[in-house]
Amino acid sequence: MPKVSEEHLEQRRRQILDAARRCFGRKGFHQTSMQDVFKESGLSAGAVYRYFKSKEEIVRAIAVENQGLVTALLEEILNEETLPPLEDVVGRFAARVESLLVHDGPLRLAPAGWVEAMHNPALSPTVRELLTDTREWWVKLAERMRDAGHLPADADPRAVGATLFCLVPGFVIQKLILEDVDAAALRAGVGALTGRTRDRLRS
């Protein structure tokens, strides 16, 4: 029997995850069955179960991918030689999130995943870990801001990071439900707030 290439395995995995995203987007997590995923993907039950043993495993895989898509930008920003102003960081981050929310974008499922994690013990640990990891990137940003003099010397990076992290679900909810806020608005709002902070630090 010929050996299956890693590329082929990844393509099949991608096929299943994309099909599941579409099903979840149409019907939600609870109403989507594995049979729906089989049909949407065009694969047999055995082929799907080779990669994912349950619907929860599929949801976890999607959540891990989503987290990587958004935190990669924060890692990139933190690796820049000169730290951009906070409003630029938030604007760039919001623009990345915005691009992942359009049409059937992967982040459109995020709010449903947060709710599901509150009630489903099979998902709670994964979602908690991913959210904690995402918040840690904001804490690292706050630490660097403090060290660069963009925050008071006695600022608590964990408190600042937790506060900045609050922007993420708030922005997602406003984009998906209110539909009247964009990345430019978030950047402008943070710029107005941080401008006052900078003025106080100079005085």
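Residues numbered from 1 in each chain as written. Predicted model: local features only at pLDDT ≥ 70, side-chain atom pairs only at ≥ 80, totals over all residues. Heavy atoms only, no water.

**Concerning the nonpolar core**
Short version of the rule: Only buried residues count toward a nonpolar core. Its members are Ala, Val, Leu, Ile, Met, Phe, Trp, Tyr and Cys residues joined through side-chain atoms within 4.5 Å. When accessible area is computed with a 1.4 Å probe and restricted to protein chains, residues below 20% of their type maximum are described as buried, those above 50% as exposed, and intermediate ones as partly exposed. Helix numbering and strand numbering both begin at the N terminus, where a helix is a DSSP run of H or I of at least 4 residues and a strand a DSSP run of E of at least 2. By the convention used here, residues are in contact when the closest approach between their heavy atoms is within 4.5 Å.
Leu 86, Phe 93, Val 97, Leu 107, Trp 138 and Leu 141 are the most contacted members of the largest nonpolar core, which has 33 residues in total. Counting residues per element, the ones that place at least two in this core are α4 (55-78), α5 (86-99), α7 (124-147), α8 (157-165), α9 (167-178) and α10 (183-202). Considering each element in turn, this core owes the most residues, six residues, to α5. With residues near it in sequence (within four places) discarded, Phe 93 still touches Val 70, Leu 73, Leu 74, Trp 138 and Val 168. Formed by 18 residues, the second largest nonpolar core is a distinct cluster that contains Phe 24, Leu 43, Phe 52 and Ile 58.

**Digging into a nonpolar patch on the surface**
Our working definition: Like charges within 9 Å and nonpolar side chains (Val, Leu, Ile, Met, Phe, Trp, Tyr) within 5 Å are joined into patches, using only residues over 30% in relative accessible area that form no salt bridge. The Shrake-Rupley method, run with a 1.4 Å probe sphere, supplies the accessible areas, and residue values consider only the shown protein chains as cover. We count a salt bridge whenever a side-chain nitrogen from Lys or Arg sits within 4 Å of a carboxyl oxygen from Asp or Glu.
There is a patch of nonpolar side chains on the surface, built from Ile 173, Ile 177 and Leu 178 and spanning about 310 Å² of accessible area. Looking at the secondary structure, you find Ile 173 in helix α9.

**Considerations on α5**
Applicable threshold: Helices are assigned an expected span. That span is 1.5 Å times one less than the residue count.
Here α5 contains 14 residues, and its C-alpha end-to-end distance of 20 Å stays within 8% of the 20 Å for a straight helix at 1.5 Å per residue. Residues Leu 86, Glu 87, Val 89, Val 90, Gly 91, Phe 93, Ala 94, Val 97 and Glu 98 constitute the buried set of α5.

**Here we look at α9**
Note the cut-off: In this description, the arc belongs to the directions extending from the helix axis to the C-beta atoms.
Every buried residue of α9 is accounted for by Val 168, Phe 171, Val 172 and Leu 176. When α9 is viewed along its axis, its buried side chains cluster within an angular range of 120° and face the same direction. What points out from α9, more than 90 degrees from its buried face, is the exposed set Ile 177 and Leu 178. Backbone geometry just downstream of α9 places Glu 179 in the positive-phi region, at approximately 60°.

**Thoughts on the confidence of the model for the chain**
The following threshold applies: Within a predicted model, pLDDT stands for the predictor's per-residue confidence, ranging from 0 to 100.
Summing up the model confidence of the chain, the mean pLDDT is 89 and the portion of residues at 70 or higher is 94%. Here α10 stands out as the element of the chain with the lowest mean pLDDT, 77, in contrast to α8, whose mean of 96 is the highest.

**Things to note about the packing of α5 against α7**
Working note: a packed helix pair is described by the angle between its axes plus the distance between those axes. Going by this rule: As a rule, the C-alpha atoms of each element are fitted with a line to give its axis, helices using only the stretch in contact, and angles between N-to-C directions run from 0 to 180 degrees. To sort the angles, those under 35 degrees are grouped as roughly parallel, those over 145 as roughly antiparallel, those from 65 to 115 as roughly perpendicular, and the leftovers as oblique. Here a crossing is called left-handed whenever its near helix is offset anticlockwise from the far helix by less than a right angle, and right-handed whenever the offset is clockwise.
Packing of α5 against α7 leaves a shortest axis separation of 12 Å and a crossing angle of 160°. Judged on the interaxial angle alone, α7 and α5 are roughly antiparallel. For the crossing formed where α5 meets α7, the hand is right-handed. In this structure, α5 contributes Leu 86, Val 89 and Phe 93 to the contact, and α7 contributes Trp 138, Leu 141 and Met 145.

**Observations regarding the packing of helix α6 (residues 110-119) against α7**
The test is simple: The nonpolar class holds Ala, Val, Leu, Ile, Met, Phe, Trp, Tyr, Cys and Pro. Asp, Glu, Lys and Arg form the charged class, and all remaining residues, Gly among them, are polar.
Viewed as axis vectors pointing N to C, α6 and α7 meet at an angle of 130°, and their least axial separation amounts to 8 Å. Overall, the two elements α6 and α7 adopt an arrangement that is oblique. For α6 against α7, the interelement crossing comes out left-handed. Packed against α6, whose contacting residues are Gly 113, Trp 114, Ala 117 and Met 118, the element α7 presents Ser 124, Val 127 and Leu 131 at the interface. Classifying every residue of the contact of α6 with α7 by side-chain character gives five nonpolar, two polar and no charged.

**Quick word on the side chain of Thr 32**
Our working definition: Definition of a polar contact: a pair of N or O atoms within 3.5 Å, with one able to donate and the other able to accept a hydrogen when the atoms are protein atoms, and with sequence-neighbouring residues admitted only if both atoms are side-chain atoms.
By the element assignment, Thr 32 lies in the loop between α1 (6-31) and α2 (34-41). A polar contact of 3.2 Å, which involves the side chain of Thr 32, links it to the backbone oxygen of Cys 23. Only 2.7 Å separates the side chain of Thr 32 from the backbone oxygen of Gly 28, close enough to count as a polar contact. When near neighbours in sequence (up to four residues on either side) are disregarded, Thr 32 contacts Cys 23, Phe 24, Lys 27, Val 37 and Lys 55.

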